[in-house]
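Spelled out, the chains give:
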Amino acid sequence: MIKKIAVLTTGGDAPGMNAAIRAVVRYAIHNKLEVMGIFRGWWGLINEELKLLDHRSVSGIINQGGTILKTARCPEFETEEGQKRALNTIKKNAIDGLIMIGGNGSFKAAHIFGTKYNVPCIGMPASIDNDINGIDVTIGSDTAINTALAAIDNIRDTATSMERIFVVEVMGRESGYIALQVALAGGCEDVIIPERRFNLENICHDIVEGNLRGKISWIIVVAEGAGSAFDIAKKITEMTSLETRPVVLGHIQRGGRPSAFSRTQAATLGEAAVECLLKGESDKAVSIKDGKIAVIDLEFAITKKKLNVDSLYNLVKVLT
Ligand code: F6P
């Protein structure tokens, strides 16, 4: 029977992580469990930076971006020494199970650590990239898309007024998910994603043809994993002689008030994660698949997600 669990946020922060911590803490307390909060992700587990959380510790955070537990990328956790120190923290504090809130890299670390040292680990998917396999949407990605979309709407105003071409770079490491969503929702003229080869000559040809028809302003969204807005904008200017501006949205996509969708996801997945530990599950991730809560193997969750990009990609082009 488990008595005490610990919760941590790791890797890149995502809006809704706080709502996820709140759900885990309150649902666990509701089930008579003690909850420790680990600070700065795996780093805090290695360095024993943790404290007991109560009901009030998570008050007033549901609407805040970021994570009150802080987060970090922690290469030390990949070493034998780091993992042994982390295990020591777990034993010393009598922690019976871990709930890890994070993205793909964090899930990989939890899978390795949990299976190697027999520590029950449950992953809650939170990342703006939506790159975890077997999961419809990760906590935070809906908010990030809306943040990027608001920026693109603003850029549209100046693009139209000054009759310019813009290349807007969005986050998403190896995934074109954010790029595709915002390109479609923002009515953008083209999108460049890592999942699809692109030909800049064709894009420039379309721009010049459009220009002859009187269409002067364009917004081309590029996923960071597919290219750099600065390089692409420079080449478009060289190839078309038209004024082109690059914009890199960067980390503004990671912060901000979580959307209702990110928060409700965090709440339901928080409940599911605690239930997993109560049922003695380990090496699992909680997910929402086809609209329903599902519990999947961490090993499956960390395999490369194959995004079905075709329909959205084609639609962006058709609706231009
Ligand atoms: O994983 C989320 C993410 O925001 C990616 O989209 C991006 O490539 C990366 O993190 C940036 O990481 P960092 O903030 O560590 O530079």
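The model shown is predicted, which means the values in this text are computed figures rather than measured ones.

Q: Any details on the site of the ligand? Residues and values, ideally.
A: Taken together, the neighbourhood of the ligand is formed by R73, I128, D129, M171, G172, R173, E224, H251 and R254. One of the side-chain N or O atoms of R73 is found 2.8 Å from an oxygen atom in the ligand. H251 is positioned with one of its side-chain polar atoms (N or O) 2.8 Å from an oxygen atom of the ligand. Calculation on the ligand without its partners gives an accessible area of 400 Å², and the protein chains cover 76% of this total. Residues that form the shell around the ligand fall into these classes: two nonpolar, two polar and five charged. No fewer than three residues from each of domain 1 (4-140 + 258-301) and domain 2 (141-255) sit in the shell around the ligand.

Q: Would you mind going over the pairing of strand β10 (residues 284-289) in detail, with residue names and values included?
A: Within a regular strand, the side chains alternate between the two sheet faces. Most of β10 is tucked away, with five of its six residues classed as buried. Relative to β10, strand β5 (residues 121-125) runs parallel, the two being bridged by two bridges. Bridge assignment links I122 to a residue of β10, and that residue is K284. With six bridges joining them, β10 and strand β11 (residues 292-297) adopt antiparallel strand pairing. Across the sheet, the residue bridging to V286 is V295, located in β11. The turn linking β10 back onto β11 is made up of two residues, and D290 within it adopts a positive phi angle of 50°.

Q: I'd like a rundown of the nonpolar core, residues and numbers included.
A: Core analysis: the largest hydrophobic core is formed by 64 residues, its most contacted members being I99, M124 and V221. Counting contributing residues per domain, this core is built from domain 1 (4-140 + 258-301) and domain 2 (141-255), each supplying no fewer than three. When residues no more than four places from it in sequence are discounted, the contact partners of I99 are I5, A6, V7, L8, V24, I122, M124, A273, V274 and L277.

Q: Go over a nonpolar patch on the surface with me, naming the residues and quoting the values.
A: Taken together, the side chains of L315, V318 and L319 define a hydrophobic patch exposed on the protein surface, amounting to about 300 Å² of accessible area. Looking at L319, the relative accessible area reads 58%, which means it is exposed.

Q: Before we move on, could you go through the environment of L69 and cite the residues and values that matter?
A: Counting through the fold element by element, L69 comes out in the loop between β3 (50-53) and α3 (80-92). When its relative accessible area of 0% is taken as the criterion, L69 is described as buried. When the C-alpha positions of L69 and I219 are compared, they lie 37 Å apart, and in sequence the two are 150 residues distant. The residues touching L69, leaving out its near neighbours within four places in the chain, are V7, L8, T9, I21, G37, I38, F39, R40 and L53.

Q: Mind laying out the domain arrangement of the protein chain, listing which residues take part and the relevant values?
A: Taken as a whole, the protein chain is organised into domain 1 (4-140 + 258-301) and domain 2 (141-255). Each partner contributes to the interface: domain 1 provides 18 residues, whereas domain 2 provides 13 residues. Both sides of the domain 1 and domain 2 interface together cover about 1,200 Å² of buried area, and 47% of this is carbon and sulfur. Summed over the three residues of domain 1 that lose the most area to domain 2, namely D13, I128 and D129, the buried surface amounts to 42% of that side.

Q: Let's hear about the packing of aromatic side chains: which residues, and what values?
A: The tally for this structure, following the rule as stated, stands at four aromatic pairs. A ring pair is formed by F77 and F113, whose centres lie 5.0 Å apart and whose planes are at 50°; its orientation type is tilted. A residue pair is termed long-range when its members are at least 10 positions apart, and F77 in the loop between β3 and α3 and F113 in helix α4 (residues 104-117) qualify at 36 residues. For F77, a relative accessible area of 3% gives the class buried. Since its relative accessible area comes to 0%, F113 is described here as buried. For the cation-ring pair, K215 lies above W218, with the distance from its terminal atom to the ring centre recorded as 5.3 Å.

Q: Describe the sheet that holds strand β2 (residues 34-38), and please don't skip the residues or the numbers.
A: With mixed pairing, the seven strands of this open sheet are ordered in space as β3-β2-β1-β4-β5-β10-β11. With partners counted over all chains shown, the strands left at the sheet margins are β3 and β11, one partner each. Ignoring strand direction, the axes of neighbouring strands in this sheet form an average angle of 30°.

Q: Kindly report on the packing of helix α5 (residues 141-162) against helix α6 (residues 177-185), identifying the contributing residues and their values.
A: Each pair of packed helices gets described by two things: the angle between the helix axes and the distance between those axes. Orientation of α5 relative to α6, taken along the N-to-C sense of each, is 50°, at an axis distance of 9 Å. In terms of orientation, α5 lies oblique with respect to α6. Judged by the sense of rotation from one axis to the other, the crossing of α5 with α6 is right-handed. Contacts between α5 and α6 involve S141, I145, A148, L149 and I152 from the former and Y177, I178, Q181, V182 and A185 from the latter. Looking at the contact of α5 with α6, its residues break down into eight nonpolar, two polar and no charged.

Q: Can you explain the environment of I232? Please cite residues and give values.
A: Along the chain, I232 turns up in helix α8 (residues 229-240). Measuring from C-alpha to C-alpha, the distance between I232 and L200 comes to 8.1 Å, with 32 residues separating the pair along the chain. Setting aside its immediate chain neighbours within four residues, I232 contacts V167, I192, F198, L200, V222 and G227.

Cut-offs and rules
- Residues numbered from 1 in each chain as written.
- Predicted model: local features only at pLDDT ≥ 70, side-chain atom pairs only at ≥ 80, totals over all residues.
- Heavy atoms only, no water.
- Near = heavy atom within 4 Å.
- Polar contact = N/O pair within 3.5 Å; in protein donor to acceptor, adjacent residues only side chain to side chain.
- Areas by Shrake-Rupley, 256 points an atom, 1.4 Å probe, with all protein chains shown as cover.
- Nonpolar A, V, L, I, M, F, W, Y, C, P; charged D, E, K, R; others polar.
- Domains from an automatic or database assignment.
- Buried < 20%, exposed > 50% of the residue type's maximum accessible area, 1.4 Å probe, protein only.
- Helix = DSSP H or I, 4+ residues; strand = E, 2+ residues; numbered from the N terminus.
- Pairing = 2+ DSSP bridges.
- Core = buried A, V, L, I, M, F, W, Y, C linked by side-chain atoms within 4.5 Å.
- Contact = heavy atoms within 4.5 Å.
- Patch = residues over 30% accessible without salt bridge, like charges linked within 9 Å, V, L, I, M, F, W, Y side chains within 5 Å.
- Salt bridge = Lys/Arg side-chain N within 4 Å of Asp/Glu carboxyl O.
- Buried area = accessible area lost by both parts, 1.4 Å probe.
- Phe/Tyr/Trp six-rings, centres within 6.5 Å; stacked < 30°, edge-to-face > 60°.
- Lys NZ or Arg CZ within 6 Å of the ring centre and 35° of its normal.
- Axes fitted to C-alpha atoms, helices over the stretch in contact; angles between N-to-C directions.
- Parallel < 35°, antiparallel > 145°, perpendicular 65-115°, else oblique.
- Left-handed = near helix turned anticlockwise from the far one by under 90°.

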